[in-house]
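# Structural characterization, general
One letter stands for each residue in the lines below.
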Amino acid sequence: MTIEAAVGSSLAPRTTTRLVIHPRWVRVTHWINALAMLMMIGSGWQIYDASPLFGFVFPRQIALGNWLAGALLWHFAAMWLLMVNGVVYIALGILTGRFRRKLFPLYPRDVIDDLFAALRGRLAHDDLSVYNAVQKLLYLGILLTGVVIVLSGLSIWKPVQFHYFTSFFGGYDTARYVHFAAMTAIVAFLVVHVALAILVPKSLRAMIIGR
Amino acid sequence: MSRSRKHPPGVDPKLLIKDAAKLLPEPSRRLFLRGAASLGALAVLSGCDIVDGETSDKALRVISTFNDRVQALLFNSNTLAPEYPETAMTRPFPFNAYYSEDEAPDIDAEQWQLEIGGLVDNKKPWTLPELNKLPEVSQITRHVCVEGWSAIGSWQGVKLSDFLKLIGADTSAKYVWFQCAEGYSNTIDMPTALHPQTQLTLKFDHKVLPRAYGFPMKIRIPTKLGFKNPKYVTAMWVQNNDAGGYWENQGYNWFSGL
């Protein structure tokens, strides 16, 4: 038992409340973000299909919007949900100290150790409020990817007004590839993230009811 | 992308529809909302009946109108579209419309006139030789299509803001509306019409504007998506009401600024 937990259990009034793993603002922004991302990805696939970058298109059945104009309406509506929610999440993550507590310190040595432990099935999940080094790395990575996908998206949407962003990403055409690569990284993250949430159901519960 | 409410003579509407397959709704534009309902998205966005396609269509268009206002605020008259060297030009520059190149309007230069209307002092129509006598400006800029692809082209013509002054247009009016030979149309905001790079274009790559790119005259607006760059222009009206446009009326964002 940690000192904090010992102090907590001896001093706190006797209630049924256990330590909250995810405060309400994390849960609310998490699920709003999940919805916004599904809309952005689904409509983004339909937009991609109008002028594919690679030798494939996304099936119409899994894309959102049914035709280009519809997909664009969805993309530029969900954009506001994603951005406003994202700003609230990042601001609270910094101001409450949650990012610093949960994601740092992060050492490469721990990442390697935890990765091997995970592959051998020996990674502990006893305390969901503490992230292992692989989780820290992935969550930091996905936060950074979120910033990249928004900035590359703004570069494509406004290559004149925001031409500094567009130049930063190597020009209009390259920014499209960056935007696509960031989407791919997010989808890959989602696959692992959802699979692990299903493998460790109490983590899903914690993101819904907080404990 | 482009064109057509009335069909030009000799163009089979069925062929037009076939060519538009990539862009047009299938089988009905309204259906695009069906996939959305499954996400429960509208329940969050507006709390309205998520199964009702008409309602969610309206909600999305309300947000699109809000986006028009945001884009008008983001638009800066002093921010220029990046210009490129001649070596950066895309060759061949793509032809793009929902009809094939040989179905594009074939305009007789002798017969053609640019009709002027609305809040303008001098409504005298302009012939091609008259327009060609006006001072020429040139730009090599990126044409960005709403589909996602882009191409760099070289355009020469008359600065639209100079032309509007010349004909005594009321530049405090809100919109400029363009009518095209095939029935295509566009309405643009006055700040964009007065932008220093907005051009009444008569030439492509220093040669007479080819039929594929809008002969005898197109409006080149490097601060807007390609479909807001009307080709085969026959009339220009300065006015305070938004007359919409061919693709805008079907759901594409009105401002479509870059």
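My aim in this report is to walk through the structure given alongside it, one point at a time. (Residues numbered from 1 in each chain as written. Chains lettered and ligands numbered in written order. Predicted model: local features only at pLDDT ≥ 70, side-chain atom pairs only at ≥ 80, totals over all residues.)

With that settled, the discussion passes to the sheet that holds strand β1 (residues 115-118) of chain B. Residues and elements named next belong to chain B. Taken together, the 4 strands give an open sheet; going across it, the order is β1-β9-β4-β5, and neighbouring strands pair in mixed fashion. Two strands in the sheet have a free side with no partner beyond their single neighbour: β1 and β5 (185-189). Each strand axis lies, on average, 20 degrees off the axis of its neighbour in the sheet, ignoring direction. Bridging between strand β4 (residues 175-180) and strand β9 (residues 233-239) involves 6 bridges; their strand directions are antiparallel. Bridge assignment links Trp 177 to a residue of β9, and that residue is Trp 237. (Pairing = 2+ DSSP bridges. Helix = DSSP H or I, 4+ residues; strand = E, 2+ residues; numbered from the N terminus. Axes fitted to C-alpha atoms, helices over the stretch in contact; angles between N-to-C directions.)

Counting 75 residues, the largest nonpolar core has Leu 68, Leu 72, Trp 74 and Ala 78 of chain A together with Val 176 and Val 233 of chain B as the members making the most contacts within it. In terms of residue count, helix α3 (residues 68-95) of chain A provides more of this core than any other element does, 11 residues in total. (Core = buried A, V, L, I, M, F, W, Y, C linked by C-beta atoms within 7 Å. Buried ≥ 20, exposed ≤ 12 C-beta atoms within 10 Å, placed from the backbone.)

The next thing to look at is helix α4 (residues 53-74) of chain B. Note: α-helices contain 3.6 residues per turn, so residues at a spacing of three or four share the same orientation. Residues and elements named next belong to chain B. Its 22 residues give α4 an end-to-end C-alpha distance of 31 Å, which sits within 8% of 32 Å, the value for a rise of 1.5 Å per residue. When α4 is considered as a whole, its buried residues turn out to be Ser 56, Ala 59, Leu 60, Ser 64, Asn 67 and Gln 71. End-on view of α4: buried residues confined to an arc of 140 degrees, all on one side of the axis. Opposite the packed face of α4, turned more than 90 degrees from it, sit the exposed residues Glu 54, Lys 58, Thr 65, Arg 69 and Leu 73. (Expected span 1.5 Å × (residues − 1). Arc of directions from axis to C-beta.)

Residues and elements named next belong to chain A. Turning to its location among the elements, Ile 149 is positioned in helix α6 (residues 133-157). A tally of 23 C-beta atoms within 10 Å means that Ile 149 is categorised as buried. Here the alpha-carbon distance between Ile 149 and Asp 49, two residues 100 residues apart in the chain, equals 18 Å. If near-sequence neighbours (up to four positions away) are discounted, Ile 149 is found in contact with His 179, Ala 182, Met 183 and Ile 186. (Contact = placed C-beta atoms within 7 Å.)

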